[in-house]
Every structure is written in C-alpha cells, then in structure tokens.
Amino acid sequence: MDRAPEPHSGWTFLTNHSRVLASIAADRTTRVRDIAARCRLTERAVQKIIADLEAGGYLTHVREGRSNTYRIAAHTLLRHPADAPASVADLLALLAQHDSARPAASAALADQEH
C-alpha cells in the first residue's frame with residue numbers, strides 16, 4: 001500500500017527522475033517500495049518514473065523471480081540540450097560525490113557496464 005510522502009512545497013534542484021535513477025544506481029536490485037521510501041515518493045510515482053526512464057532508453061530491467069534487476073545505460077546523454085554532452089554516468093558520479101549514504105554508486109555503475 002502506498003504511504004503518502006511528507007509534503008513538500010517549492011522547487012528543488014534535483015528531479016524525481018534523477019533521484020530514482022541514483023537510487024537504482026546504488027542498488028540495482030532495489031524494490032520499488034524502497035526507492036519510494038528513499039526518494040519520498042509514492043510507489044505509483046516511482047513506477048511511472050521507471051517506465052519513463054525505460055521508454056527513454058536510460059534503464060532496462062530483467063525479471064528474476066519476484067524481483068527486478070535494473071541496468072542503467074550509463075553512456076546515454078542527458079535529455080536537455082543545455083546539459084550536452086553530459087551522460088547519465090556523469091550525473092550519477094556527481095550525485096555520488098555528495099551522498100555518503102551511497103558510496104558504492106559509482107562502483108555499482110561500473111560493474112553494470114561489464
């Protein structure tokens with residue numbers, strides 16, 4: 001059951017899409033429920049974001065039993081022309097530098113590329 005996240009008003013520097021992607025980079029077997037809790041989103045919102053990321057070619061998943069294992073397309077360029085030529089890997093590296101809760105994000109991303 002979705003639990004409503006804490007309300008937030010105003011703008012933020014990071015998008016929910018980048019938060020979800022960073023959460024997956026930290027643990028590519030993470031559950032939608034855990035992503036939602038970490039990003040303070042509903043599970044439904046996380047499912048939609050994952051669908052967006054997959055449709056955009058930034059993410060794929062493989063079903064393994066009752067779980068998903070995600071793979072990030074690290075060399076895919078960011079969507080906005082002003083961000084060129086930055087890639088998903090560049091974004092995740094930047095986020096990982098400032099998030100002590102996810103020190104293995106860059107290593108996990110490197111493992112996915114092999």
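This text goes with the structure placed above it.
All of these numbers come straight from a predicted model, not from anything done at the bench. (Residues numbered from 1 in each chain as written. Predicted model: local features only at pLDDT ≥ 70, side-chain atom pairs only at ≥ 80, totals over all residues. Heavy atoms only, no water.)

Trainee: Quick question: what am I supposed to make of the overall build of the protein here?
Mentor: For the protein, the helix and strand inventory stands at five helices and two strands. Expressed as a percentage of the 114 residues in the protein, the buried residues total 34%. Put simply, 47% of the contacts in the protein that link residues at least 6 apart link residues at least 24 apart. Accessible surface computed for the protein: about 7700 Å², of which carbon and sulfur atoms make up 54%. (Helix = DSSP H or I, 4+ residues; strand = E, 2+ residues; numbered from the N terminus. Buried < 20%, exposed > 50% of the residue type's maximum accessible area, 1.4 Å probe, protein only. Contact = heavy atoms within 4.5 Å. Areas by Shrake-Rupley, 256 points an atom, 1.4 Å probe, with all protein chains shown as cover.)

Trainee: Just to check I follow, could you spell out the packing of aromatic side chains for this structure?
Mentor: Here the distance between the centres and the angle between the planes together describe a pair of aromatic rings. Applying the stated criterion to the full structure yields one aromatic pair. With 4.8 Å between their ring centres and 75 degrees between their planes, Trp11 and Phe13 make a pair best called edge-to-face. The two residues Trp11 and Phe13 agree in class, both being exposed. (Phe/Tyr/Trp six-rings, centres within 6.5 Å; stacked < 30°, edge-to-face > 60°.)

Trainee: Is there a simple way to explain the environment of Leu53 in this structure?
Mentor: Looking at where Leu53 falls in the secondary structure, it is placed in helix 3 (residues 43-55). Of the residues examined, Leu53 reaches a relative accessible area of 7% and is grouped as buried. Put simply, Leu53 and Ile72 are 19 residues apart on the chain and 9.3 Å apart in space, counted from C-alpha to C-alpha. Look past the residues within four positions of Leu53 in its chain and what remains in contact with it is His17, Val20, Leu21, Tyr58 and Leu59.

Everything listed is a geometric property; what it means functionally is a separate question.
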